[in-house]
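Read off the chains here:
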Amino acid sequence: MLDLYSPGTSPLHRLSPGPKMLVLMIGATALFLNESLPITVGALCGVLLLYPVAQLTLKQAWQQIRPLLWIFALFFALQWWFSGIALAAYVVLRLAALILLASLVTLTTRSSDMIETMTWALGFLRPLGVNPAKVGLAISLALRFIPVLAQIAQEVREAQKARGLERSVLAVAMPVAIRTIKMADDISDAIESRGYRP
Amino acid sequence: MDTKSIVYIALFAALTAALGLMPPISFAGLALPPITAQSLGVMLAGAVAGPRRGGLALLLFVALVAAGLPLLAGGRGGIGVILGTSGGFILSWPICAAVIGILVAKAPNAGFVPMAVSIALGGLVLMYAVGIPWMAFVGKLGLMKSLTIMVAYIPGDLVKVVLATIVARGLRRAYPNL
Amino acid sequence: MIEITNVSLAYGQRTVLRDISLTLSERRIAIVGANGSGKSSFARLLNGLLLPSEGTVKVDGLDTRSHGKDVRRKVGFVFQNPDNQIVFPVVEEDLAFGMKNLGFTKDTIAAKTTEILTRYDMLDLREHPAHLLSGGQKQLLAISGVLVMDPAYVVLDEPTTLLDLRNKRRITRAIDALDQTVIIASHDLDLLGDYDRVIVFDEGGIVADDVPGKAIPFYVNRMS
């Protein structure tokens, strides 16, 4: 439910998260090191060509860029004004290529697989005192809490609305925070009473 | 690490995500990204949960965003956002929460102003100190110009500092042994 | 059998329970009392979530102070608000949590999950997100998460307080059907008629300890 993943069976979907992340890192570094506008345009087209390969539509590609349109416009205008249109185009297109490349990884990888890979990678930090099992518990708990907190916030907003206080951020934030801490204490008890030993 | 710490880490990560669901405030004719309540989560994590738990809570949050969960305001997420123009701000959150935690822990029962200053140092000054150079780098924009853009955000962030201080002080009164 | 001997409980200056001695051996025991009477704290003493400031709590001879882990295995605990008890985002993951802590095998976990979900008619909700369940289903999941750990006792802290009437009945039926010894802290007096024993708490002490027919009228009288 809570995922940006776009289901599919393409080679990119089947590739495991580790190699995809590695390619992304290399690609992002290359984009930053490259200073030429034609190569940037080429890279952007290359990334866009990968979208159909990954069974994704160009509409989905557009959706990755749309929320950033305003900041792109602002950057473009500033660069154009100060440094000319070539640099303005280069900066904005490079950003677009970067974001589309990263989104390609996000759209073709289940977040659960990504989390599993991250937890696995954390195993290498074991000598530093990192315990992957505890990290796993923290991740599950966080995913469990998000809808609960959203609901608490909703309830408090409704209660304050009845008192005409819904526009007062503090009248909402304070009771939410108090209930959150109370919940933390109860959940700790619940976890321990279900046999968990840290 | 005890069970309670694990729960607090998860809870403040979730709180930061839940704050992203609050309707954002748009301004400047949509020329700039909207102000969101999300950095309030950073400030509260540091000031309430402490440096270790708060810092790890935000590290967990950033990891979940990177893993592709749409936890940032407006339902955004994925590595793309982290590599984008506001990526520096997001990446700075774990450090900011930890620094706020360290500063607040130095005088946990201090008055309103000292706590607000601690929260502002970590949640505003430090956040900008990481976020603005990042923005300048990915946008090839130069520090001063990036700084000018961010001036528009200072009033909103100051409001969040005040809010975080009031809530953190209230919580510390309600739960003296947090 | 749970033996409570000369137990007092204090948080700092505040005394919550004072000098309580009880032997709990009946199959169905209810604890009633006003908010702040100490009944929730008492319930938390029974599985070692809280340790007494003075005195001892022993479950089948095991002291909660020295055998916390074994006691928690024997005494399952159901909280008032299931949202504060469900640990994992998906129904089957949550049920597996306690069993994994006990070291059950994958096959056992799967089999027991199927069994408990079938019992409560929730098998189709196996892969359902926990936050989308109804209030009654959430409480059933919380109870299930405890039952799959095979406890000998189930302690419930106001399990029906947050539910509507229909769900109250559903949960009450589920509790009545349990094979385990049940100790329930509750405000819902009309659900306790068939219990073997009702203990009334007030201001940290026991003011009545009798069959429901006598203890409940006493409590109602005292509160009015």
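Residues numbered from 1 in each chain as written. Chains lettered and ligands numbered in written order. Predicted model: local features only at pLDDT ≥ 70, side-chain atom pairs only at ≥ 80, totals over all residues. Heavy atoms only, no water.

**Quick word on the sheet that holds strand β2 (residues 14-24) of chain C**
Residues and elements named next belong to chain C.
Consideration 1: One open sheet accounts for 4 strands, arranged β2-β1-β4-β5; its pairing is antiparallel. Strands with a single pairing partner mark the edges of an open sheet, and in this sheet they are β2 and β5 (62-63).
Consideration 2: In this structure, strand β4 (residues 54-59) lies alongside β5, joined through 2 bridges in antiparallel fashion. Note that in β5 the partner of valine 59 across the bridge is leucine 62. (Pairing = 2+ DSSP bridges. Helix = DSSP H or I, 4+ residues; strand = E, 2+ residues; numbered from the N terminus.)

**So, the UniProt feature "transmembrane region" (unreviewed entry) in chain B**
Residue and element names in this part refer to chain B.
Consideration 1: UniProt's feature table lists "transmembrane region" (unreviewed entry) at residues 30-49, 56-73, 79-105, 112-135 and 147-168, given in the numbering used throughout.
Consideration 2: Its end C-alpha atoms 32 Å apart, residues 112-135 is made of 100% helix and 0% strand.
Consideration 3: Split by type, residues 147-168 is 91% helix and 0% strand. Its first and last C-alpha atoms lie 29 Å apart. (UniProt positions renumbered as here; feature names shortened; annotations may be inferred.)

**Quick look at the environment of B:Val117**
All names here are of chain B.
Consideration 1: Mapped onto the elements of the fold, valine 117 is located in helix α6 (residues 112-138).
Consideration 2: We classify valine 117 as partly exposed; its relative accessible area is 44%.
Consideration 3: Separated by 17 residues in the primary sequence, valine 117 and isoleucine 100 place their C-alpha atoms 9.6 Å from one another. (Buried < 20%, exposed > 50% of the residue type's maximum accessible area, 1.4 Å probe, protein only.)

**As for the interface of chain A and chain C**
Consideration 1: Across the boundary between the two partners, chain A contributes 21 residues, which contact 26 residues of chain C.
Consideration 2: Taking both sides of the interface into account, the surface hidden between chain A and chain C amounts to around 2,200 Å²; carbon and sulfur atoms contribute 58%.
Consideration 3: When the buried area of chain A at its contact with chain C is split by residue, A:Arg144, A:Ser193 and A:Arg194 rank highest and sum to 39% of it.
Consideration 4: The interface formed by chain A and chain C holds 3 salt bridges in total.
Consideration 5: For C:Asp83, the salt bridge goes to A:Arg144, with nearest N and O atoms at 2.8 Å.
Consideration 6: Our enumeration of links across chain A and chain C arrives at 7 residue pairs in polar contact (both at pLDDT 80 or more).
Consideration 7: Broken down by secondary-structure element, the contributors of at least two residues to the side of chain A that touches chain C are α8 (132-162) and α9 (169-193) of chain A.
Consideration 8: A per-class count over the side of chain A that touches chain C returns 11 nonpolar, 4 polar and 6 charged. (Contact = heavy atoms within 4.5 Å. Buried area = accessible area lost by both parts, 1.4 Å probe. Salt bridge = Lys/Arg side-chain N within 4 Å of Asp/Glu carboxyl O. Polar contact = N/O pair within 3.5 Å; in protein donor to acceptor, adjacent residues only side chain to side chain. Nonpolar A, V, L, I, M, F, W, Y, C, P; charged D, E, K, R; others polar.)

**Digging into the side chain of A:Arg144**
Consideration 1: Looking at the secondary structure, you find A:Arg144 in helix α8.
Consideration 2: Not counting residues up to four positions away in its chain, the partners in contact with A:Arg144 are C:Pro82, C:Asp83, C:Ile86, C:Val87, C:Phe88, C:Pro89, C:Ala130 and C:His131.

**Let's talk about unusual backbone geometry**
Residue and element names in this part refer to chain C.
Consideration 1: Residues other than glycine seldom take positive phi values, yet aspartate 19 does so here, at roughly 45 degrees.
Consideration 2: Examined against the element boundaries, aspartate 19 turns out to sit in strand β2.
Consideration 3: Accessibility expressed as a relative area gives 51% for aspartate 19, which makes it exposed.
Consideration 4: Despite not being glycine, aspartate 121 shows a phi value in the positive range, around 60 degrees.
Consideration 5: Along the chain, the position of aspartate 121 falls in the loop between α4 (106-119) and α5 (135-147).

**Things to note about a nonpolar patch on the surface**
All names here are of chain B.
Consideration 1: Residues Phe112, Val113, Val117, Leu121, Val125, Val162 and Ile166 make up a contiguous nonpolar surface patch of about 550 Å² in total accessible area.
Consideration 2: For the nonpolar patch, the secondary-structure elements that each account for two or more residues are α6 and α8 (154-174).
Consideration 3: With 5 residues, α6 is the largest single contributor of residues to the nonpolar patch.
Consideration 4: Mapping phenylalanine 112 onto the fold places it in helix α6.
Consideration 5: The exposure class assigned to phenylalanine 112 is partly exposed, which follows from its relative accessible area of 34%. (Patch = residues over 30% accessible without salt bridge, like charges linked within 9 Å, V, L, I, M, F, W, Y side chains within 5 Å. Areas by Shrake-Rupley, 256 points an atom, 1.4 Å probe, with all protein chains shown as cover.)

**Details of the UniProt feature "domain: ABC transporter" (unreviewed entry) in chain C**
Consideration 1: As annotated in UniProt, the feature "domain: ABC transporter" (unreviewed entry) corresponds to residues 2-223 of chain C in the numbering used here.
Consideration 2: Annotated as 34% helix and 27% strand, the span residues 2-223 of chain C places its first and last C-alpha atoms 28 Å apart.

**Things to note about the packing of aromatic side chains**
Consideration 1: For the structure on display, the rule yields 10 aromatic pairs over all chains.
Consideration 2: Ring geometry for B:Phe89 and B:Tyr128: centres 6.0 Å apart, planes at 90 degrees, overall edge-to-face. With B:Phe89 in helix α5 (residues 87-106) and B:Tyr128 in helix α6, this pair connects stretches of sequence that are 39 residues apart.
Consideration 3: One aromatic cluster in this structure is built from A:Tyr196, C:Phe88 and C:Phe97. (Phe/Tyr/Trp six-rings, centres within 6.5 Å; stacked < 30°, edge-to-face > 60°.)

**As for the pairing of strand β8 (residues 181-185) of chain C**
Residue and element names in this part refer to chain C.
Consideration 1: The buried fraction of β8 amounts to 5 of the 5 residues, a majority that puts the element mostly inside the structure.
Consideration 2: Burial along β8 is two-sided: Thr181, Ile183 and Ala185 and Val182 and Ile184, pointing in opposite directions, are all buried.
Consideration 3: Bridge count between strand β3 (residues 28-33) and β8: 4 bridges; the pairing is parallel. Bridging across to β8, isoleucine 31 finds its partner in alanine 185.
Consideration 4: Since strand β7 (residues 153-157) and β8 lie parallel, the crossover through helix α6 (residues 165-176) that links them has a hand, and here it is right-handed. (Right-handed = clockwise from strand over helix to strand, strands pointing away.)

**A short note on the interface of chain A and chain B**
Consideration 1: On the chain B side, the residues contacting the 61 residues of chain A number 56 residues.
Consideration 2: Buried surface at the junction of chain A and chain B, summed over both partners, amounts to about 5,000 Å²; 80% is from carbon and sulfur atoms.
Consideration 3: Considering only the surface of chain A that becomes buried against chain B, A:Trp70, A:Phe75 and A:Ile181 emerge as the three largest contributors, covering 11% of it.
Consideration 4: On inspection of chain A and its partner chain B, the count reaches 2 salt bridges.
Consideration 5: B:Lys140 is paired through a salt bridge with A:Glu35; the nearest N and O atoms lie 3.2 Å apart.
Consideration 6: If you list the elements that add at least two residues to the side of chain A that touches chain B, you get α2 (17-33), α5 (69-83), α6 (85-108), α7 (111-122), α8 and α9 of chain A.
Consideration 7: The greatest single-element share of the side of chain A that touches chain B, amounting to 16 residues, is contributed by α9(A).

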